[in-house]
Amino acid sequence: MTAQAIAEAVRDAMLANDRASTGLGMEILAVGPGSATAAMTVREDMLNGFDICHGGLVTTLADTAFAFACNSYNELTVASGFNVDIVAPSLAGDRLTAVASEVSLAGRTGVYDITVRNQRDELIAVFRGRSYRIKGKPVVPGLAAG
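What this report covers is the structure whose coordinates are included nearby. Bear in mind that the values here come from a model prediction, so they are computed numbers and not experimental data.

### Section: the overall build of the protein chain
Thinking step 1. Looking only at helices and strands, one finds 3 helices and 6 strands in the protein chain.
Thinking step 2. Beginning at the N terminus, the succession of helices and strands in the protein chain can be written as α-α-β-β-α-β-β-β-β.
Thinking step 3. The C-alpha atoms of the protein chain give 15 Å as radius of gyration, which agrees with the globular expectation for 146 residues (15 Å, within 12%).
Thinking step 4. Overall size of the protein chain, expressed as C-alpha extent along the three principal axes, is 45 × 25 × 25 Å.
Thinking step 5. In the protein chain, the share of contacts with a sequence separation of at least 24, taken over all contacts with a separation of at least 6, comes to 67%.
Thinking step 6. For the protein chain, the accessible area works out to roughly 7100 Å², and carbon and sulfur atoms hold 55% of it.
Thinking step 7. The protein chain carries 12 positive and 15 negative side-chain charges, and their two centres are separated by 9 Å.

### Looking at a nonpolar patch on the surface
Thinking step 1. Nonpolar side chains collect at one region of the surface, where V87, L123 and V126 lie side by side and expose about 200 Å² of accessible area between them.
Thinking step 2. Within the secondary structure, L123 sits in strand β6 (residues 123-133).

### Points about the layout of surface pockets
Thinking step 1. Of the pockets and cavities examined, the largest pocket occupies roughly 280 Å³.
Thinking step 2. Forming the walls of the largest pocket are 17 residues, and the residues nearest its centre are M14, A67, N71, T77 and V78.
Thinking step 3. Put simply, the parts of the chain that give the lining of the largest pocket at least two residues each are α1 (3-17), α2 (19-23), α3 (55-70) and β3 (77-86).
Thinking step 4. If one sorts the elements of the lining of the largest pocket by residue count, α3 sits on top with 6 residues.
Thinking step 5. Partitioning the lining of the largest pocket into residue classes produces 10 nonpolar, 5 polar and 2 charged.

### What to know about the environment of D12
Thinking step 1. Position of D12 relative to the elements: it lies in helix α1.
Thinking step 2. Distance in space between the C-alpha atoms of D12 and P89 is 31 Å, their sequence separation being 77 residues.

### Overview of the side chain of N71
Thinking step 1. With respect to the element layout, N71 can be found in the loop between α3 and β3.
Thinking step 2. Excluding residues that lie within four positions of it along the chain, N71 makes contacts with V10, M14, L76, T77 and V139.

### Notes on α3
Thinking step 1. Over its 16 residues, α3 runs 22 Å from end to end, which matches the ideal 22 Å to within 8%, given 1.5 Å per residue.
Thinking step 2. Residues of α3 that are buried: L57, V58, T59, L61, A62, T64, A65, F66, F68, A69 and C70.

### Let's talk about α1
Thinking step 1. Across its 15 residues, α1 extends 22 Å between first and last C-alpha, which sits within 8% of the 21 Å expected from 1.5 Å per residue.
Thinking step 2. Of the residues making up α1, those classed as buried are I6, A7, V10, R11 and M14. End-on view of α1: buried residues confined to an arc of 140°, all on one side of the axis.
Thinking step 3. Lining the buried residues of α1 we find β1 (27-32) and α3.

### Focus on unusual backbone geometry
Thinking step 1. Backbone geometry places D51, a non-glycine residue, at a positive phi of 60°.
Thinking step 2. By the element assignment, D51 lies in the loop between β2 (35-41) and α3.
Thinking step 3. Looking at D51, the relative accessible area reads 53%, which means it is exposed.
Thinking step 4. Of note in the backbone geometry, D121 takes a positive phi value of approximately 65° without being a glycine.
Thinking step 5. Relative to the elements of secondary structure, D121 occurs in the loop between β5 (109-117) and β6.

Definitions and cut-offs
Residues numbered from 1 in each chain as written. Predicted model: local features only at pLDDT ≥ 70, side-chain atom pairs only at ≥ 80, totals over all residues. Heavy atoms only, no water. Helix = DSSP H or I, 4+ residues; strand = E, 2+ residues; numbered from the N terminus. Rg over C-alpha atoms; globule rule 2.2 N^0.38 Å. Contact = heavy atoms within 4.5 Å. Areas by Shrake-Rupley, 256 points an atom, 1.4 Å probe, with all protein chains shown as cover. Lys, Arg positive; Asp, Glu negative; His and termini not counted. Charge placed at Lys NZ, Arg CZ, Asp CG, Glu CD. Patch = residues over 30% accessible without salt bridge, like charges linked within 9 Å, V, L, I, M, F, W, Y side chains within 5 Å. Salt bridge = Lys/Arg side-chain N within 4 Å of Asp/Glu carboxyl O. 1 Å grid on protein atoms, 1.4 Å probe; cavity = no way out; pocket = protein on both sides within 12 Å on 5 of 7 lines; lining within 4 Å. Points joined across faces, edges and corners; volume = space filled by probe spheres on them. Nonpolar A, V, L, I, M, F, W, Y, C, P; charged D, E, K, R; others polar. Expected span 1.5 Å × (residues − 1). Buried < 20%, exposed > 50% of the residue type's maximum accessible area, 1.4 Å probe, protein only. Arc of directions from axis to C-beta.

This is a description of form; function is not addressed.
Here it is as structure tokens:
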């Protein structure tokens, strides 16, 4: 099984159980070894009291891309921490896209950078996630690890 096929099988399994991401209308547009792209459209019920998308929801989109990227090798991986900077507001109707890429993977720990942009390619947020692999625990049992 190729690394790309493993990443896609893991994506399918994770998405089938991801009630938070699907409930927010997120889509996984692409996945590969150490990478993922997720998107969502900002709805009215995602707006805070200032009529901009709640920062926690922008962060959730970035965290979703992070999760799919760091689990793409079929080794159960969780976040050990992250930092996020929101640099611009997003409004109702905006289509946000989070692109995650692996910066470093050594032993059980990894570092991933995620950018969130709107439909005009304007930067909305930058997110850096730190991951930790759970030894010997695949995301999809019986599927070869990458």
